[in-house]
Amino acid sequence: MEINLVSDTVTRPSHEMLQQMFRAKVGDDVYKQDPTVIELEETVANLFGMEEALFFPSGTMANQTAIKLHTQPGEELICDKWAHVYNYEGGGAAFNSGASCKLVDGNRGMMTAAQVTEAINPPDFYHSPLSSLVCIENTTNKGGGACYELQTLHDIKEVCNQNNLKYHLDGARLWNALVAKKQHPTQFGQLFDTISVCLSKGLGAPVGSVLLGSHGTIKRALRVRKMLGGGMRQAGYLAAAGLYALQNNVGRLEEDHRRAKELAAILQQQPYVDTVEPVETNILIFSLKPQYNEAAFVEKLKQKSIFISSLGKGKLRIVTHLDYKEVMHQYVLEAFSKMV
Ligand SMILES: *Cc1c(COP(=O)(O)O)cnc(C)c1O
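Keep in mind that what you see is a predicted model, and the values were worked out from it rather than measured.

Some details on the environment of K226
Along the polypeptide, K226 turns up in helix α10 (residues 215-227). On the basis of relative accessibility, which here comes to 49%, the residue K226 falls in the partly exposed class. Considering only alpha carbons, one finds K226 and V30, 196 residues apart in sequence, at a separation of 8.5 Å.

So, in structure tokens, the structure goes:
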């Protein structure tokens, strides 16, 4: 039994999900003729109370499309220093959009309205790049699954309105935030110009993300997706997995959160552990006391068939997910309490 806690992207489609994929009605989605893709797009748009949605092969492409839509070459987007759009999209903001990133020194990947305000370049000061977009990440990936308060997001929205900035949400793990904070998707739909959500993280679909926005925005997004090579043909087989995930795998994220919290509680008591960051959702970041070597620790866990990742700088990361079952959880809890 291999227990992979490296990421919530390691899940494999369940038998039931595969059955739904097999049965999908498909067509050529580049001609907008795939009924299952259309159903998924309508379902997600309705869920968020946004006008339209577009299916993407990856969250990265959905975010990159949003950045392309909201910026012109030479302009700047504002994001936290740990943001996925800055750190983990291969420099795509620069490559695809010619945009630079103004990095904010936030808390666990989250910015405040005051920090965003401070990051804006004065629009008349032509020496610096024109600020045109704010990118929020919720939950934060590198920030350990932290969730924004809605009030903060409203405050930042106000700053965007006052300063003529577009507002994008990288909601790769927004589902986790919705469940953890008992929020409703429409509360986010009202706030943002565009939202990207992943189906292939905690929801357990093999592939797929969705970008949400107004009619006009998504019409333009269709062209950008085509340019990026993201138009897919009989993608309904993949969309079917996404629909299955939305119908069956959202509420259960609660279990992932509970297990991550239980792991944190056990780790907190161990003599080899230095700090455990607060756990709000399915990501747990902790560090070892200086006398313990983190690579050796990861290796030792590997020998027990437990896989976790090292983030560097003494930090280790665990991510719980759909394929991390209760028996595995009990085994891991016990393994942690017996490590020296
Ligand atoms: C995973 C992730 C994405 C998108 O990743 P893909 O692997 O391209 O689907 C975007 N933002 C965050 C915060 C993520 O964790």
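From this point, things continue past the structure.
Observations concerning empty space enclosed by the protein
Enumeration over the complete set of coordinates arrives at 1 cavity of 30 Å³ or more. Put simply, the largest cavity is a space of about 50 Å³. Taken together, D80, W82, A83, G109, C135, I136, E137, T140, N141, K142 and G143 form the lining of the largest cavity. In terms of residue count, the dominant contributor to the lining of the largest cavity is strand β5 (residues 131-137) (3 residues). Across the lining of the largest cavity, the residue classes tally to 4 nonpolar, 4 polar and 3 charged.

Points about the layout of surface pockets
Taken as a whole, the largest pocket spans an internal volume of roughly 260 Å³. As for the largest pocket, its lining consists of 24 residues, and the residues nearest its centre are G59, H84, A172, C198 and K201. When contributions to the lining of the largest pocket are tallied by element, the ones reaching two or more residues are α3 (59-70), β6 (166-171) and β7 (194-198).

Here we look at unusual backbone geometry
The residue after N138, namely T139, is reached through a cis peptide bond having omega -5 degrees. With respect to the helices and strands, T139 occurs in the loop between β5 and α7 (150-163). Phi at R108 is positive, roughly 50 degrees, even though this residue is not glycine. With respect to the secondary-structure elements, R108 resides in the loop between β4 (100-104) and α6 (113-119).

So, the packing of α3 against α10
In contact at an axis separation of 10 Å, α3 and α10 are set at 115 degrees when each is read in the N-to-C sense. Here α3 runs over α10; the crossing is right-handed. Between α3, through M61, T65, K68 and L69, and α10, the contact on the second element is made entirely by T217, R220, A221, V224 and R225. Its residues assigned to classes, the contact of α3 with α10 comprises 4 nonpolar, 2 polar and 3 charged.

A short note on the domain arrangement of the protein
When its domains are assigned, the protein resolves into domain 1 (3-8 + 252-338) and domain 2 (12-248). Taken residue by residue, the interface counts 17 residues in domain 1 and 26 residues in domain 2. Surface buried jointly by domain 1 and domain 2 totals about 1600 Å² across both partners, of which 46% is contributed by carbon and sulfur atoms. Three residues, D8, L253 and E280, lead the burial of domain 1 against domain 2; their summed loss comes to 35% of the area buried on that side. Applying the counting rule to domain 1 against domain 2 returns 2 salt bridges. Between D8 and R173 there is a salt bridge whose closest N-O contact spans 2.7 Å. Breaking the side of domain 1 that touches domain 2 down by element, the ones donating at least two residues are α12 (253-268), β10 (283-288) and β13 (315-319). Here the side of domain 1 that touches domain 2 takes 3 residues from α12, the largest share from any one element.

Examining the site of the ligand
Around the ligand sit 13 residues, and of these G59, T60, D170, R173 and K201 come closest. Note that a nitrogen atom of the ligand is positioned 2.6 Å from one of the side-chain N or O atoms of D170. Here an oxygen atom of the ligand and a side-chain polar atom of R173 are 3.0 Å apart. Cavity membership is defined here by more than half of the atoms lying within 2 Å of grid points; on that basis the ligand lies in the largest pocket. For the shell around the ligand, the element with the highest residue contribution is α3, accounting for 3 residues. The residue inventory of the shell around the ligand, partitioned by class, reads 2 nonpolar, 6 polar and 5 charged.

Conventions adopted
Residues numbered from 1 in each chain as written. Predicted model: local features only at pLDDT ≥ 70, side-chain atom pairs only at ≥ 80, totals over all residues. Heavy atoms only, no water. Helix = DSSP H or I, 4+ residues; strand = E, 2+ residues; numbered from the N terminus. Buried < 20%, exposed > 50% of the residue type's maximum accessible area, 1.4 Å probe, protein only. 1 Å grid on protein atoms, 1.4 Å probe; cavity = no way out; pocket = protein on both sides within 12 Å on 5 of 7 lines; lining within 4 Å. Points joined across faces, edges and corners; volume = space filled by probe spheres on them. Nonpolar A, V, L, I, M, F, W, Y, C, P; charged D, E, K, R; others polar. Axes fitted to C-alpha atoms, helices over the stretch in contact; angles between N-to-C directions. Left-handed = near helix turned anticlockwise from the far one by under 90°. Contact = heavy atoms within 4.5 Å. Domains from an automatic or database assignment. Buried area = accessible area lost by both parts, 1.4 Å probe. Salt bridge = Lys/Arg side-chain N within 4 Å of Asp/Glu carboxyl O. Near = heavy atom within 4 Å. Polar contact = N/O pair within 3.5 Å; in protein donor to acceptor, adjacent residues only side chain to side chain. Sits in = over half its atoms within 2 Å of the grid points.

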